[in-house]
Amino acid sequence: MIVARTGNEAMAEAMRQINPDVVAAYPITPATEVVQLFSTFVHDGTVSTQFVPAESEHSAISACVGASSAGARVMTSTSSQGLALMHEILFIAAGLRLPIVICLVNRSLSSPINIHCDHSDSLASRDSGWIQIFTENTQEAYDTTLMAVKIAEKALLPAMVTTDGFIISHGMERVELVGDAEVPKFLGERKAKTSLLDVDNPITLGALDLQDYFFEHKRSEIDAMNHVLPIIDEVQKEFGKKFGRNYNTVDEYKMDDAEVAILAMGSTGGTGKVAVDRLREQGKKVGLIRCRVYRPFPKGAMLKAVSKVKVLGIMDRADTMSTLGGHLYNECRSILYDSEERPIMKNYIYGLGGRDISIEEIEDIYAELFNIQKSGEVDKEIVYYGVRGE
Amino acid sequence: MALLEIRWHGRGGQGAKTAALLFADAAVETGKYIQAFPEYGPERMGAPVFAFNRISDEPILQHCGIKEPNIVVVLDPTLMETVDVTDGLPPDGVILVNTQKSASEIKKQLKLTSQNVYVVDASKIANEILKRNLPNTPMLGALIKVSKLLDFNAMLGSVKLRLEHKFPNRPEVVEGNMKAIKRAYEEAKA
C-alpha cells in the first residue's frame, strides 16, 4: 500500500504492525508523535500492547528493561535530552543483552536549547553498546524500524533507529507499507531464553559482578557486537527478498568511477545524491557514501567505499568536542591507518541545531574537494561549514 | 513532470501546514512522489509561518529547504505587508493570493512583472460556508486549478477521506470543506 506519511507517522505505523508486548515512553519534541500516535492504536485496540506512560525517560527505559527481561518484545521512542536522561540505563540494557528498540528522532543536545536536528544525541551514546542505524528518509525509517526488531533479537543487543528531527520526523513523503499480516511473519515471535517471570526457573539479573568476572561478561558483550554486521546483512537481504527494498550497511551512490566523494549520515545523504546527479551531468566524477549502520562500525564496507576515491569530504552533523573533528572523520581516519593508499580527507562539521544544508552548498564542497585533488594538499583539515565568522 | 516546489505563507493557526499535508496526500493518491514539510520556528498563533511541498513523477531525494518555489500560496493577504512573499519566485513563477483584490491590483502591489498572479476570496468562501475564516482548504481547491497538477475529482476524493478520518463524527465539517474547495476551484482567476 502506498501512502503519504511523516517520519513519525511511518515509525508509529511500523510499531503498530510490530505490535510489541510493551511500550513505555515519555514525550519529547520532535519524537512525541511516535508514541502519541501509538497510544491511539492502544486506545483503539488495534494493538495488544501494554502501554506504560512513564514519568520520565529514565523511568520509560527502566520499564523497558524490566519488560524485556521478562521476555517481552519492547519498544520506545525519544529524542535529545530524553535519550540523555536514558543514558545510564542504555548501558544496562546492552549489558543485560536486552533487544529493546528505540525509534530515535535526532535533535541537538542543550545548551543552547534547540529542538532541531543534529546527531549529537545518538552519537553521545555511541559507546553504550546499542546498535545504531541512521536513516535517510521516511521509507527507510519505516523499513529499518521493522528490521531493527529482528536484528536486535538475533544479536541479543538493543538497537536504535534514527531519523533527522523535523526534516524527516515532520516531513511527509511517499511510503510503501508492508501488509499488516506480513510483519509478524517476517519477525516471528521473540523467544527469550530466560524470563524474570518464569518462577520455575528463577534467574538473577543485574547482580554485583566485581574483579572476578565483570571483565569476562563485558568481553562477551563486546564479542556480541562483533557478530552484529553479518546479522544485519542477513536481515537486510531477507527484507529485500521479501519486500523488494534493498539496504546495505554502507550506502554507495555512483561510486564506481568516482574520484572525489562525500561521506554523510541521515537525510543529508539524499540531498548529496542530488548534488552528485547535477555534477555528473557536467561530466564530473563524483560519488556519495552514506554511513547507514554506525554501531557497530561497518569497517569492511566502509574501507571498500572510501578507498575508491582520491579525496573524501567527511560531513559530520555533530562535534566530538575533542578538538579532533567529528565522529565519522575520526572513525574513517582510524580504519584507514593501515591502508597504504588512502584518500586525502577533509572534515566538514555542518548543520548543527538544524541549520539547513542545500544542494548548492554540497556542490560547493565537491568543488573544494576537486581543488584539493589538484593541489594534493588540504589547507585546513577540519572546517565548520555554513557558520558565521568562519 | 519535472520537480515542482510550492511555498505556503500563512499565520500560525490558519492551517498552512495542514493544507500542505492535504495537498501531498492527494498527490500521492494520483501516483506522484511528494514531500510536505512545515518550517518550525518559534511558532505561535498569528505569527507568519511557512509550509512547503515538493511534487514530482520521480523519487525526490533532497531534504533541504525550498528557496526558489515555482508556486507561492498566500493564505493571509495582510502578510504581504510584512513578509516578502515573492522571495525567490522565478520570472515564470505563479503566486496565488487569498484576497478581495483583483490579480492586476496584487501584481501592482507586489511589483511583479512576468509572474502569473491568481486570486480568490478564500476567506469570504470560508466565512460563508464554514462560518469561520479558515482559508486553507478553499485555497487547496484554488491551487489545484492554477497548478494544473492533479485531477480535481481525484484530489477531492482523497481530501474527503483524510477529513473523514480527522473528523469521524462531524460529517457537516467534511461536507462544508468539500463545498468550499469546489467553490474556490471555480472562483480562482488570473
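Residues numbered from 1 in each chain as written. Chains lettered and ligands numbered in written order. Predicted model: local features only at pLDDT ≥ 70, side-chain atom pairs only at ≥ 80, totals over all residues. Heavy atoms only, no water.

### Points about the overall build of chain A
Right, on to step 1. Scanning chain A for helices and strands turns up 13 helices and 15 strands.
Right, on to step 2. Its C-alpha atoms give chain A principal-axis dimensions of roughly 70 × 55 × 45 Å.
Right, on to step 3. Here chain A, with 390 residues, has 56% of them falling under the buried criterion.
Right, on to step 4. Sequence-distant contacts, at least 24 apart, represent 80% of the contacts inside chain A between residues at least 6 apart.
Right, on to step 5. About 16,500 Å² of surface is accessible on chain A, with carbon and sulfur atoms providing 51% of the total.
Right, on to step 6. If the 40 positive side-chain charges of chain A are averaged to one point and the 54 negative ones to another, these points end up 4 Å apart. (Helix = DSSP H or I, 4+ residues; strand = E, 2+ residues; numbered from the N terminus. Buried < 20%, exposed > 50% of the residue type's maximum accessible area, 1.4 Å probe, protein only. Contact = heavy atoms within 4.5 Å. Areas by Shrake-Rupley, 256 points an atom, 1.4 Å probe, with all protein chains shown as cover. Lys, Arg positive; Asp, Glu negative; His and termini not counted. Charge placed at Lys NZ, Arg CZ, Asp CG, Glu CD.)

### Focus on the overall build of chain B
Right, on to step 1. Scanning chain B for helices and strands turns up six helices and six strands.
Right, on to step 2. In terms of overall dimensions, chain B is globule-like: its C-alpha atoms have a radius of gyration of 15 Å, near the 16 Å expected for 190 residues.
Right, on to step 3. Overall size of chain B, expressed as C-alpha extent along the three principal axes, is 45 × 40 × 35 Å.
Right, on to step 4. Residues classed as buried in chain B amount to 56% of the 190 residues present.
Right, on to step 5. Once local pairs closer than 6 in sequence are excluded, the contacts in chain B between residues at least 24 apart make up 63%.
Right, on to step 6. Working note: accessible area of chain B is about 8,700 Å², and carbon and sulfur atoms make up 51% of it. (Rg over C-alpha atoms; globule rule 2.2 N^0.38 Å.)

### Concerning the packing of aromatic side chains
Right, on to step 1. Within this structure, the stated rule accounts for twelve aromatic pairs over all chains.
Right, on to step 2. Considering the side-chain rings of F38(A) and F51(A), the 6.4 Å spacing of their centres and the 40° angle between planes classify their relative orientation as tilted. On the criterion of sequence distance, the pair formed by F38(A) in helix 2 (residues 32-44) and F51(A) in strand 3 (residues 50-53) is long-range, its members being 13 residues apart.
Right, on to step 3. A relative accessible area of 0% means that F38(A) is categorised as buried.
Right, on to step 4. Aromatic pair F50(B) and F52(B): ring centres 6.4 Å apart, planes at 15°, arrangement stacked.
Right, on to step 5. On the accessibility criterion, F52(B) (5% relative accessible area) is buried.
Right, on to step 6. A network of ring pairs unites the aromatic residues F186(A), F239(A), F243(A) and Y247(A) as a single cluster.
Right, on to step 7. Its end group placed over the ring of Y33(B), R174(A) keeps NZ or CZ at 4.3 Å from the ring centre. (Phe/Tyr/Trp six-rings, centres within 6.5 Å; stacked < 30°, edge-to-face > 60°. Lys NZ or Arg CZ within 6 Å of the ring centre and 35° of its normal.)

### Regarding the interface of chain A and chain B
Right, on to step 1. The interface is formed by 25 residues belonging to chain A together with 20 residues belonging to chain B.
Right, on to step 2. Counting the contacts that link chain A with chain B gives one salt bridge.
Right, on to step 3. Taking the shortest distance from any N to any O, the salt bridge between E9(A) and R162(B) comes out at 4.0 Å.
Right, on to step 4. Broken down by secondary-structure element, the contributors of at least two residues to the side of chain A that touches chain B are strand 1 (2-6), strand 8 (172-176) and helix 10 (268-281) of chain A.
Right, on to step 5. Broken down by element, the residue count for the side of chain A that touches chain B peaks at four residues, all from helix 10 of chain A. (Salt bridge = Lys/Arg side-chain N within 4 Å of Asp/Glu carboxyl O.)

### Some thoughts on the domain arrangement of chain A
Residue and element names in this part refer to chain A.
Right, on to step 1. What the domain assignment reports for chain A is domain 1 (2-241) and domain 2 (250-385).
Right, on to step 2. Contacts between domain 1 and domain 2 engage 28 residues on the former and 25 residues on the latter.
Right, on to step 3. On the domain 1 side of the interface with domain 2, the three residues burying the most area are L123, R126 and E136, jointly 29% of the side's total.
Right, on to step 4. Between domain 1 and domain 2 we count five salt bridges in total.
Right, on to step 5. Linking R126 and E331 is a salt bridge whose minimum nitrogen-to-oxygen distance equals 3.9 Å.
Right, on to step 6. Counting the contacts that link domain 1 with domain 2 gives 16 residue pairs in polar contact (both at pLDDT 80 or more).
Right, on to step 7. When contributions to the side of domain 1 that touches domain 2 are tallied by element, the ones reaching two or more residues are helix 5 (120-124), strand 6 (131-134), helix 6 (138-155) and helix 9 (228-243). (Domains from an automatic or database assignment. Buried area = accessible area lost by both parts, 1.4 Å probe. Polar contact = N/O pair within 3.5 Å; in protein donor to acceptor, adjacent residues only side chain to side chain.)

### Let's talk about helix 9 of chain A
Residues and elements named next belong to chain A.
Right, on to step 1. Here helix 9 contains 16 residues, and its C-alpha end-to-end distance of 22 Å stays within 8% of the 22 Å for a straight helix at 1.5 Å per residue.
Right, on to step 2. Turning to helix 9, its buried residues number three or more, namely V228, I231, I232, V235, Q236, F239, G240 and F243. The buried side chains of helix 9 occupy one side of the element, clustering within an arc of 165° when seen end-on. Seen from the buried face of helix 9, the exposed residues on the opposite side, beyond 90 degrees, are P230, K237 and K241.
Right, on to step 3. At the C-terminal side of helix 9, G244 shows a positive phi close to 80°. (Expected span 1.5 Å × (residues − 1). Arc of directions from axis to C-beta.)

### A short note on the sheet that holds strand 1 (residues 4-11) of chain B
Right, on to step 1. If you trace the eight strands from one edge of the open sheet to the other, you get 1(A)-8(A)-2(B)-3(B)-1(B)-4(B)-5(B)-6(B), paired in mixed fashion. Only two strands of the sheet have a single partner each, and these edge strands are strand 1 of chain A together with strand 6 (116-120) of chain B. For this sheet, the mean inter-axis angle between neighbouring strands, taken without regard to orientation, is 20°.
Right, on to step 2. Those strands touched by helix 1 (residues 7-18) of chain A are strand 1 and strand 8 of chain A, and its axis lies near 115° from that of strand 1 of chain A.
Right, on to step 3. Where helix 6 of chain A meets the sheet, its contacts fall on strand 1 and strand 8 of chain A, and the angle it forms with strand 8 of chain A comes to roughly 45°. (Pairing = 2+ DSSP bridges. Axes fitted to C-alpha atoms, helices over the stretch in contact; angles between N-to-C directions.)

### Quick notes on unusual backbone geometry
All names here are of chain A.
Right, on to step 1. Of the consecutive residues S111 and P112, the connecting peptide bond is found in the cis state with omega at -5°.
Right, on to step 2. The residue after R295, namely P296, is reached through a cis peptide bond having omega -5°.
Right, on to step 3. Summarising the element assignment, P296 is placed in the loop between strand 12 (293-295) and helix 11 (299-306).
Right, on to step 4. A positive phi angle, close to 70°, is found at T323, a residue other than glycine.
Right, on to step 5. Exposure remark for T323: the relative accessible area of 74% places this residue in the exposed category.

### Quick word on the state of the cysteines
Linking two cysteines covalently through their sulfur atoms gives a disulfide.
Residue and element names in this part refer to chain A.
Right, on to step 1. Tallied over the entire structure, the rule returns zero disulfides over all chains.
Right, on to step 2. Its sulfur unpaired, C103 is 11 Å from the next cysteine sulfur, which belongs to C64.
Right, on to step 3. Of the residues examined, C103 reaches a relative accessible area of 0% and is grouped as buried. (Disulfide = S-S within 2.5 Å.)

### Thoughts on the pattern of salt bridges
Right, on to step 1. Under the definition given, this model contains 37 salt bridges over all chains.
Right, on to step 2. Taking the shortest distance from any N to any O, the salt bridge between E13(A) and R5(A) comes out at 2.9 Å.
Right, on to step 3. R183(B) is the salt-bridge partner of E128(B), the closest N and O atoms lying 3.0 Å from each other. Taken together, the residues span a long stretch of sequence, with E128(B) in helix 3 (residues 122-129) and R183(B) in helix 6 (residues 171-187) at a distance of 55 residues.
Right, on to step 4. The structure contains a network of salt bridges with shared partners spanning E136(A), E140(A), D251(A), K273(A), R290(A) and R292(A).

### A word on the environment of P343(A)
Residue and element names in this part refer to chain A.
Right, on to step 1. Within the secondary structure, P343 sits in the loop between helix 12 (327-335) and strand 14 (344-349).
Right, on to step 2. For the pair P343 and K254, spaced 89 residues apart in sequence, the C-alpha separation works out to 17 Å.
Right, on to step 3. Here P343 is in contact with V306, V309, K310, V311, L312 and L336, once residues within four sequence places are set aside.

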